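Structural overview
One letter stands for each residue in the lines below.
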Amino acid sequence: MQILDGIKLSKEIKQEIKLKVESYKEQGKRVPHLGAILVGNDGASRTYVDNKIKDCNYVGFESSELILEDTITQEELIAKIQEWNNDSNLDGFIVQLPLPKHIDQEAVINAIDPNKDVDGFHPMNFGKMALEMETFLPATPYGIMEMLERYKVPTAGKHTVVIGRSRIVGRPMSILMSKNGNPGNSTVTLTHSKTEDLAKYTKEADIVITALGVPEFLKADMIKDGAVIVDVGITRVDDPTSPKGYKLAGDVDFENVKEKASWITPVPGGVGPMTRAMLLKNTLLAYNKNN
Ligand code: NAP
């Protein structure tokens, strides 16, 4: 069994980006600029945005942060997005999800200029991804593709089973794994909560990608020997022995599944750090398109 080490790989990727930024500076060019909009005070969302800003600082990007009260109306939020759409100093920006319940998430995503949508959530970018055109890929599936590529995990002709069909992870993952390229060229089965006898599919899979958010859902008896296991799940579970009072759990019963797997991602330290690095890559792509 070999570990797909997202911490090591994301450091390498950030280092590559940092060197590029240094070379832009040496050439007298401006540096890439990422923005983040946060609505409200949710602790987890705050941490995600802080980490995005920290990553920008590390690689030498400029960053901007806009923190808005959770009482803001949808119209006011969209007006702020329009301002950022029109700001030529900003290469790309994200609106941290989830949004307060009174705001229509679809309307907000649709308001972002697709050329600045570095999260890759706008329908135009999703469509381009499905058509295998160059675009901003959603960061988590993008990070998994990058990981499979850099670790040279064979995917062509393999049977990939994805568990979960969300718009940000499972569904785009299934599209990317079936694309005509490397990584890709997999035969893909997309499963979800209505799938009957899910283990029937996972037992036949060469690659299983879990993105459902149910701790330790995938057990060793649900996979075949030598399968590649990619665990996207991150769930906080109570842990009185930890100073924080919780620990992060993946969707895979790691201790038992690792005995049968050929490659496996840990949680934490697998897909999560790759997701962070891919937002930086998308910002770099936006910058290069703008120049
Ligand atoms: P989501 O929007 O809640 O989607 C979950 C999907 O899993 C749905 O399609 C659901 O099916 C399916 N599902 C739920 N229970 C199931 C079951 N028992 N059997 C089969 N399918 C089941 O979640 P998400 O946003 O995709 O996130 C999934 C997990 O990944 C969460 O733990 C999240 O925290 C984590 N995550 C991690 C990263 C990272 O960077 N590592 C990034 C994003 C998300 P239905 O469609 O039928 O409801």
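Bear in mind the structure is a predicted one, so any value in this text is a computation, not a measurement.

**Focus: the overall build of the chain**
Across its full length, the chain holds 10 helices and 11 strands. A compact globule built from 291 residues would reach a C-alpha radius of gyration of about 19 Å, and the chain, at 19 Å, matches this within 12%. With respect to the three principal axes, the spread of C-alpha positions in the chain is 55 × 45 × 40 Å. For the chain, long-range pairs separated by at least 24 residues make up 69% of all intrachain contacts whose partners lie at least 6 apart in sequence. For the chain, the separation between the mean place of its 35 positive charges and that of its 40 negative charges on side chains is 4 Å.

**Here's the deal with the site of the ligand**
Among the 21 residues in the neighbourhood of the ligand, the closest are listed as Arg165, Ser166, Ser193, Ile234 and Thr275. Here an oxygen atom of the ligand and a side-chain polar atom of Arg165 are 2.7 Å apart. Within the side chain of Ser166, a nitrogen or oxygen atom sits 2.5 Å from an oxygen atom of the ligand. For the ligand, whose free accessible area comes to 920 Å², the fraction covered by protein is 69%. Here the residues of the shell around the ligand sort into 10 nonpolar, 10 polar and 1 charged.

**Examining the sheet that holds strand β6 (residues 187-191)**
Sheet architecture is open: 6 strands sit in the order β1-β11-β8-β7-β5-β6, paired in parallel fashion. Single-partner strands in this sheet number two, and they are β1 (2-3) and β6. Where β1 lies against strand β11 (residues 263-264), 2 bridges are found, and the strand directions are parallel. Of the residues in β11, the one forming a bridge with Ile3 is Ile264. Sitting on the sheet, helix α7 (residues 170-177) touches β5 (159-163), β6 and β7 (207-210), and the angle it makes with β6 is about 170°.

**Thoughts on the UniProt feature "domain: Tetrahydrofolate dehydrogenase/cyclohydrolase NAD(P)-binding" (unreviewed entry) in the chain**
According to UniProt, the positions carrying the feature "domain: Tetrahydrofolate dehydrogenase/cyclohydrolase NAD(P)-binding" (unreviewed entry) are residues 138-290. Measuring from the first to the last C-alpha atom of residues 138-290 gives 20 Å, for a span that is 32% helix and 18% strand.

**As for the packing of helix α1 (residues 6-26) against helix α6 (residues 139-150)**
At a minimum axis separation of 11 Å, α1 and α6 run at an interaxial angle of 95°. Judged on the interaxial angle alone, α6 and α1 are roughly perpendicular. Of the residues in α6, those touching α1 at Gly6, Leu9, Glu12, Ile13 and Glu16 are Glu146, Met147 and Arg150. Residues of the contact of α1 with α6, tallied by class, amount to 3 nonpolar, 1 polar and 4 charged.

**Remarks on the pairing of strand β4 (residues 92-95)**
As a general feature of sheets, a regular strand has side chains that alternate between the two faces. The side-chain alternation of β4 yields two buried faces, one formed by Gly92 and Ile94 and the other by Phe93 and Val95. Strand direction decides the pairing type here: strand β2 (residues 33-39) and β4, joined by 4 bridges, are parallel. Each residue of the ladder has a partner; that of Gly35, found in β4, is Phe93.

**What to know about the UniProt feature "domain: Tetrahydrofolate dehydrogenase/cyclohydrolase catalytic" (unreviewed entry) in the chain**
Residues annotated by UniProt as "domain: Tetrahydrofolate dehydrogenase/cyclohydrolase catalytic" (unreviewed entry) correspond here to residues 4-119. Summarising residues 4-119: 49% helix, 16% strand, and an end-to-end C-alpha distance of 23 Å.

**Quick look at the packing of aromatic side chains**
Tallied over the entire structure, the rule returns 3 aromatic pairs. Ring centres of Tyr24 and Tyr287 lie 4.8 Å apart, and the angle between their planes is 35°; this geometry places the pair in the tilted category. Here Tyr24, found in helix α1, pairs with Tyr287, found in helix α10 (residues 271-290); they are 263 residues apart in sequence, far enough to count as distant. The exposure class of Tyr287 is buried, given its relative accessible area of 2%. Centre to centre, the rings of Tyr151 and Trp263 are 5.6 Å apart; their planes meet at 65°, and the pair counts as edge-to-face. Residue Tyr151 is located in the loop between α6 and β5, and its partner Trp263 is located in strand β11; the two are separated by 112 residues in the primary sequence.

**Focus on α7**
Helical periodicity: at 3.6 residues per turn, an α-helix aligns residues three or four positions apart in one direction. Burial runs high along α7: 6 of the 8 residues are buried. Taken together, the buried positions of α7 are Gly170, Pro172, Met173, Ser174, Leu176 and Met177. Residues of α7 that are buried make contact with α5 (123-130), α6, β5, β6 and β7.

Cut-off values and rules
Residues numbered from 1 in each chain as written. Predicted model: local features only at pLDDT ≥ 70, side-chain atom pairs only at ≥ 80, totals over all residues. Heavy atoms only, no water. Helix = DSSP H or I, 4+ residues; strand = E, 2+ residues; numbered from the N terminus. Rg over C-alpha atoms; globule rule 2.2 N^0.38 Å. Contact = heavy atoms within 4.5 Å. Lys, Arg positive; Asp, Glu negative; His and termini not counted. Charge placed at Lys NZ, Arg CZ, Asp CG, Glu CD. Near = heavy atom within 4 Å. Polar contact = N/O pair within 3.5 Å; in protein donor to acceptor, adjacent residues only side chain to side chain. Areas by Shrake-Rupley, 256 points an atom, 1.4 Å probe, with all protein chains shown as cover. Nonpolar A, V, L, I, M, F, W, Y, C, P; charged D, E, K, R; others polar. Pairing = 2+ DSSP bridges. Axes fitted to C-alpha atoms, helices over the stretch in contact; angles between N-to-C directions. UniProt positions renumbered as here; feature names shortened; annotations may be inferred. Parallel < 35°, antiparallel > 145°, perpendicular 65-115°, else oblique. Buried < 20%, exposed > 50% of the residue type's maximum accessible area, 1.4 Å probe, protein only. Phe/Tyr/Trp six-rings, centres within 6.5 Å; stacked < 30°, edge-to-face > 60°.

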